[in-house]
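Chain residues, written in single-letter form:
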Amino acid sequence: MKTTLAAIILASGALLLPLSGHGADGDTDRSSPKSFVKNTVITSKIKTHLAAEKLSSLARIHVDTDKQGMVVLTGNAENQAAADKAISIAFAVEGVHAVDNRIKIKADK
C-alpha cells in the first residue's frame, strides 16, 4: 500500500512538473516584441524618408527609436537646413511623439 501511494505521488509530481516550469516564465511583459517591431518600423520609415531626400548629409544621420516613440537623431549635417529637414521628417512619421536632436553641424571650412 505504501509503495502504491508513493508511486502515485511520484507520478503526479512528474505530471505537474512541466506546469510549474511554465508558470515560472519570467517574460511577463508580452508587449516587448510588439514594441520592438513598432520601433523598428518607425526607424525604417524615417531612414527611408531621409534617403528619399537625396541630400548627402542626411545619409549620415543615425536614427534610433525607443518604446515611447522618442526618436534620437545623431550624426553630422552639412548645414542647419539639413538638420532641420531631418527633424521635420522624423516628426512627420506616425508614432513619433518626440525628437531628440543630437545632430552636429559641420564647421565651415
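Everything quoted here is computed from the prediction, not taken from an experiment. (Residues numbered from 1 in each chain as written. Predicted model: local features only at pLDDT ≥ 70, side-chain atom pairs only at ≥ 80, totals over all residues. Heavy atoms only, no water.)

### So, the overall build of the protein
Note the following rule: By the criteria applied, helices consist of DSSP H or I runs no shorter than four residues and strands consist of E runs no shorter than two, each listed in order from the N terminus. Each residue is assigned to one of three classes by its accessible area relative to the maximum for its type, calculated with a 1.4 Å probe on protein chains only: buried under 20%, partly exposed between the two thresholds, exposed over 50%. Shrake-Rupley sampling with a 1.4 Å probe provides the accessible areas, and residues are treated as covered by the protein chains on show and by no other component.
Looking only at helices and strands, one finds 3 helices and 3 strands in the protein. Listed by position from the N terminus, the elements making up the protein come as α-α-β-β-α-β. Burial statistics for the protein: of 109 residues in total, 24% are counted as buried. Carbon together with sulfur atoms contributes 61% to the accessible area of the protein, which is approximately 7900 Å² in total.

### Concerning the side chain of threonine 43
Definition in use: Contacts are assigned to residue pairs that have any heavy atoms within 4.5 Å of one another.
By secondary structure assignment, the location of threonine 43 is in helix α2 (residues 32–52). On the basis of relative accessible area, threonine 43 is assigned to the buried category, the value being 12%. When near neighbours in sequence (up to four residues on either side) are disregarded, threonine 43 contacts Val63, Asp64 and Thr65.

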